[in-house]
Amino acid sequence: MKKFILIDDDPIFIFLNKKVLETCSCKENVIDFTSAVDALEHIQKELDDDEETIILLDIRMPIMDGFTFIEELKKIAGPKISKFLIYLLSSSIYQADIDKSKQYPEVVDFLNKPLNSEKMEAVCRELDN
Amino acid sequence: MIDNLSPEPEILEQLFPFFFALDIDLNFVKKGKSLMKLIPEKTDFVQAFSFIRPQLGIKYTLESIVKFQERVFVLKVLGLTKQVSIKGQFIYDNGLLFFFGTPWIKSEEDFENTGLEFNDFSLSDWTADFLQLNKLLELELEDKLILKTEYEKQKSFYEHLFDYLPLDVAVLNDELKYVYINIKAVKDEETRKWLYGKTFLDYTILRNLDLAEAMEKESQFRKVLEDGRTYIYEDVYHKDTEHEKIMFRRMVPFKSADDKNFILASGMDITDLKKSANEILLKNEELKNINFELDSLIYSVTHDLRSPLNAITGLIEILEQENQNLEGSTLNYIFLIKTAIEKLDNAINEILDFTKNSRSEVTITEIELKELIQTCFDNIRHENKNKIKLRIEIFGKNQIYSDISRLRIILNALLSNAVIYSRFELEEPFIGISAITDEKNLIINIEDNGEGIAEEHKNKVFDIFYRASRKSTGSGQGLFICREIVKKLNGEISFKSTPAVGTIFTVKLPNIIQ
């Protein structure tokens, strides 16, 4: 079983991304958070769960941004970090962000907002392989 | 035997043409032929001569003269306009007092106007030789004098030159003592003169300055002599006051022609220079900060603008997906909303492109030119794009080297202009791209048979926010950014256009093969 976690401070994108995931072949267990802090709390609780977790993560968020979230996740997950696959989402992709993401092997790819079925299908195919 | 040896008066006269003989009462008995030129016929001894040497105790008596027989006599010939003295010795012999001597000539001047000639002297007399020699010496002396004057003149010229230099100049010898100081360095003459032969340390003590610092400097000076390395330092006087003065000093090792070591010290007042440099640095820092803030502002504004825009796009897509049987005006409204979104998105992209160009470094990579052009064309969204016939021709290698993100922005702008301003009413609207690539350059021509650019707009199309056509959908930055990017890549951009015929844009960029 795959598990999806959506993190975006904008509820419209949460709504949109959930919609897109629903139309997708890999629609499964989807949980969403409008705060990275809440998401971390949830992940900590279910850390013992071994199922693969895909995180669609917005970069620019108040209080805790995407990169800080990854740092914190690594801290709490320890060796279990390997079960997380992270896709970074942004409305505008900056070279600086791409460069920064290279430090994190957990980041699989960058996705341009808004997500649509086409993009999501591509992700699903990638995950199945 | 002895009588035989006594020379005849004629022989005496030849050997000593200035000789004379006196009887015991000191009357002339005989005068040499040359002496007769100096003394009139009937003059007696007392009238003819005065004693110059010896002077004390000598009297005009036979007894007195004989007493001084062992001494050299100098007799002044009296009654002459030009003074002549005769140097020689008296010999008393058999009732006669002989004097043998010759005029005391010490220089050419002594000889002149005496009425004497060289043949008045005996052959063994060295007076003539002496005069000759003297003349040579005098000439040499004269030459030396001339040389010395010339040398002094030159020396003072150069020293003067140094005094007028806008630099402090000093020369230190191998004992670190001052051997030269120009006026600019030490204005007070007394101090300057005092400093000659003194060291920097002596000066420090005189002026009651920081001794420890001076000793450190002296050890550096010594290194200049020993290692032959230039020592550069700055002196700050009256630090942090209104009269602050900064001197830039340079100690250069210097070897004279005779292999002696010196230090050539120079100092320049760089107070003003330093001040303006500091101001520039500050201003630069300020500008950097402002620039950075501006860029950050643009980034966050564009992000904040784009985020809700993307939300709208996503929502519309879902609206369409979930309502497959929309019709009529609703469908039209959705289409209009999408067009408006695209316009706004383009405007944001242009602002971002411009910021990126001014901010990021040029990065050169290998590019497949034809494929890049095709992709750029494919990415253009326009309702009538399919009516346009696209032709791409590459002359030369398809692999080129440039900054791909910048080249993409240029191609996007020129291609979307070509699409937007196409005359779709024509039988065959087309865009023809021909690229010529070689080792050094790549030239890209983008030709269309669109509406063209009217004469009155031609020198304005590259201006920022200038929009020459109603069809313009962007913010009027496209060609402005294009030109800025081409500039950044050290290239050129130009165009030819005829209204209602078409336009050719030509971009020339360096092909930076790595």
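Right, let's talk about the overall build of chain B for a bit. What chain B contains, in helices and strands, is 15 helices and 18 strands. Taking 2.2 N^0.38 as the reference for a compact globule, 514 residues should give roughly 24 Å; the C-alpha atoms of chain B span a radius of gyration of 55 Å, well beyond that estimate. Taking the principal axes of the C-alpha coordinates as reference, chain B spans close to 175 × 60 × 40 Å. For chain B, buried positions account for 36% of its 514 residues. Contacts spanning at least 24 positions in sequence make up 52% of the contacts within chain B whose residues lie at least 6 apart. As presented, chain B carries roughly 32300 Å² of accessible surface, and 55% of it is formed by carbon and sulfur atoms. With 65 positive and 84 negative side-chain charges, chain B shows a separation of 3 Å between the mean positions of the two kinds.

Residues and elements named next belong to chain B. The computed volume of the second largest pocket comes to approximately 940 Å³. For the second largest pocket, the lining is made up of 35 residues, of which Phe200, Tyr203, Asp235, Tyr237 and Arg249 are closest to its centre. Taken together, the elements giving at least two residues each to the lining of the second largest pocket come down to β7 (168–172), β8 (178–181), α8 (189–195), α9 (200–207), α10 (211–227), β9 (231–237), β10 (245–255) and β11 (261–269). When residues in the lining of the second largest pocket are grouped by element, the largest group, five residues, is from β9. Partitioned by chemical class, the residues of the lining of the second largest pocket number 19 nonpolar, four polar and twelve charged.

Quick look at the interface of chain A and chain B now. Each side of the interface is counted separately: chain A has 15 residues, and chain B has 15 residues. Put simply, chain A and chain B have one salt bridge between them. Taking the shortest distance from any N to any O, the salt bridge between Glu322 of chain B and Lys19 of chain A comes out at 2.7 Å. Put simply, chain A and chain B have five residue pairs in polar contact (both at pLDDT 80 or more) between them. It is helix α1 (residues 11–22) of chain A that contributes the most residues to the side of chain A that touches chain B, five residues altogether. When grouped by side-chain class, the residues that make up the side of chain A that touches chain B number six nonpolar, six polar and three charged.

All names here are of chain B. In this sheet, β11 lies alongside β7 in antiparallel orientation, the contact comprising five bridges. Counted as the bridge partner of Asp168 is Gly267 from β11. As defined by bridge partners, β10 adjoins β11 across nine bridges and the pair is classed as antiparallel. Residue pairing across strands places Phe254 opposite Phe262, the latter belonging to β11.

What follows concerns the packing of helix α13 (residues 369–378) of chain B against helix α14 (residues 404–420) of chain B. Residue and element names in this part refer to chain B. Their axes nearest at 9 Å, the elements α13 and α14 cross at an angle of 50 degrees. As summarised for this structure, α13 and α14 are arranged oblique, according to the angle between their axes. Seen from above, α13 lies across α14 with right-handed handedness. Counting all contacts with α13, which are made through Leu369, Leu372, Ile373, Cys376 and Phe377, the residues of α14 involved are Ile404, Leu407, Arg408, Leu411, Asn412, Leu415 and Val419. Of the residues in the contact of α13 with α14, the class split is ten nonpolar, one polar and one charged.

Another aspect to go through is a nonpolar patch on the surface. Where nonpolar side chains cluster on the molecular surface, the patch consists of Leu294, Leu297, Val301 and Leu305 of chain B and spans about 330 Å² of accessible area. You can see Leu294 of chain B is positioned in helix α11 (residues 271–322).

Once that is clear, we can look at the domain arrangement of chain B. The assigned domain composition of chain B is domain 1 (2–125), domain 2 (165–269), domain 3 (275–328) and domain 4 (361–510). Between the C-alpha centres of domain 1 of chain B and domain 4 of chain B the distance comes to 123 Å.

A few words now on unusual backbone geometry. Here Lys113 of chain A and Pro114 of chain A are connected by a cis peptide whose omega angle stands at -5 degrees. Inspection of the secondary structure puts Pro114 of chain A in the loop between β5 (107–112) and α5 (117–128). Cis geometry marks the peptide bond from Arg53 of chain B to Pro54 of chain B, where omega comes out at -15 degrees. Among the structural elements, Pro54 of chain B can be located in the loop between β3 (49–53) and α5 (62–67).

As a further point, take helix α2 (residues 36–45) of chain A. Residue and element names in this part refer to chain A. Among all positions in α2, only Ala36, Ala39, Leu40, His42 and Ile43 are buried. Along the axis of α2, the buried positions cluster into a sector of 165 degrees, meaning they face one direction only. The inward-facing, buried residues of α2 contact β1 (3–7), β2 (29–33), β3 (53–58), α3 (66–77) and β4 (84–90). Capping the start of α2 is the job of one residue whose side-chain oxygen sits 3.1 Å from the backbone nitrogen of Val37: Ser35.

What follows concerns the nonpolar core. Residue and element names in this part refer to chain B. Core analysis: the largest hydrophobic core is formed by 41 residues, its most contacted members being Leu407, Ile410, Leu411, Leu414, Leu415, Ile431 and Ile444. Listing elements by their share of this core, those giving two or more residues are α13, α14, β15 (430–437), β16 (441–448), α15 (478–488), β17 (492–498) and β18 (502–510). With nine residues, α14 is the largest single contributor of residues to this core. If sequence neighbours within four positions are ignored, Leu414 has contacts with Ile446, Leu479, Cys482, Ile493, Phe505 and Val507. Of all hydrophobic cores here, the second largest spans 29 residues; its members include Leu38, Ile39, Phe45 and Ile58.

What follows is about the sheet that holds β3 of chain A. Residues and elements named next belong to chain A. Overall, parallel pairing links the five strands, which are arranged β2-β1-β3-β4-β5 in an open sheet. Only two strands of the sheet have a single partner each, and these edge strands are β2 and β5. When strand polarity is set aside, the average angle formed by the axes of neighbouring strands in this sheet is 20 degrees. Inspection of the sheet shows β1 paired to β3 by five bridges, in the parallel sense.

As a further point, take the sheet that holds β18 of chain B. Residue and element names in this part refer to chain B. With mixed pairing, the five strands of this open sheet are ordered in space as β13-β15-β16-β18-β17. The open sheet has two edge strands, β13 (389–395) and β17, and neither has a second partner. With direction set aside, neighbouring strand axes in the sheet form an average angle of 10 degrees. Bridge count between β15 and β16: seven bridges; the pairing is antiparallel. What sits directly across from Ala435, in β16, is Ile444. Lying on the sheet, α14 is in contact with β15, β16, β17 and β18; it crosses β16 at an angle near 20 degrees.

With that settled, the discussion passes to the pattern of salt bridges. This structure, assessed with the given rule, holds 29 salt bridges over all chains. Residue Asp8 of chain A is joined to Lys113 of chain A by a salt bridge in which the shortest nitrogen-to-oxygen separation is 2.8 Å. In this pair, Asp8 of chain A is assigned in the loop between β1 and α1 and Lys113 of chain A in the loop between β5 and α5, connecting sequence segments 105 residues apart. In this pair, the class of Asp8 of chain A matches that of Lys113 of chain A, namely buried. Residue Asp58 of chain A is joined to Lys113 of chain A by a salt bridge in which the shortest nitrogen-to-oxygen separation is 3.1 Å. Of this pair, Asp58 of chain A sits in strand β3 while Lys113 of chain A sits in the loop between β5 and α5, placing them 55 residues apart in sequence. Using a relative accessible area of 2% as the deciding quantity, one classes Asp58 of chain A as buried. Members of the salt-bridge network, linked through shared partners, are Asp168, Lys184, Glu213, Lys217, Asp235 and Arg249 of chain B.

What counts as what
- Residues numbered from 1 in each chain as written.
- Chains lettered and ligands numbered in written order.
- Predicted model: local features only at pLDDT ≥ 70, side-chain atom pairs only at ≥ 80, totals over all residues.
- Heavy atoms only, no water.
- Helix = DSSP H or I, 4+ residues; strand = E, 2+ residues; numbered from the N terminus.
- Rg over C-alpha atoms; globule rule 2.2 N^0.38 Å.
- Buried < 20%, exposed > 50% of the residue type's maximum accessible area, 1.4 Å probe, protein only.
- Contact = heavy atoms within 4.5 Å.
- Areas by Shrake-Rupley, 256 points an atom, 1.4 Å probe, with all protein chains shown as cover.
- Lys, Arg positive; Asp, Glu negative; His and termini not counted.
- Charge placed at Lys NZ, Arg CZ, Asp CG, Glu CD.
- 1 Å grid on protein atoms, 1.4 Å probe; cavity = no way out; pocket = protein on both sides within 12 Å on 5 of 7 lines; lining within 4 Å.
- Points joined across faces, edges and corners; volume = space filled by probe spheres on them.
- Nonpolar A, V, L, I, M, F, W, Y, C, P; charged D, E, K, R; others polar.
- Salt bridge = Lys/Arg side-chain N within 4 Å of Asp/Glu carboxyl O.
- Polar contact = N/O pair within 3.5 Å; in protein donor to acceptor, adjacent residues only side chain to side chain.
- Pairing = 2+ DSSP bridges.
- Axes fitted to C-alpha atoms, helices over the stretch in contact; angles between N-to-C directions.
- Parallel < 35°, antiparallel > 145°, perpendicular 65-115°, else oblique.
- Left-handed = near helix turned anticlockwise from the far one by under 90°.
- Patch = residues over 30% accessible without salt bridge, like charges linked within 9 Å, V, L, I, M, F, W, Y side chains within 5 Å.
- Domains from an automatic or database assignment.
- Arc of directions from axis to C-beta.
- Core = buried A, V, L, I, M, F, W, Y, C linked by side-chain atoms within 4.5 Å.

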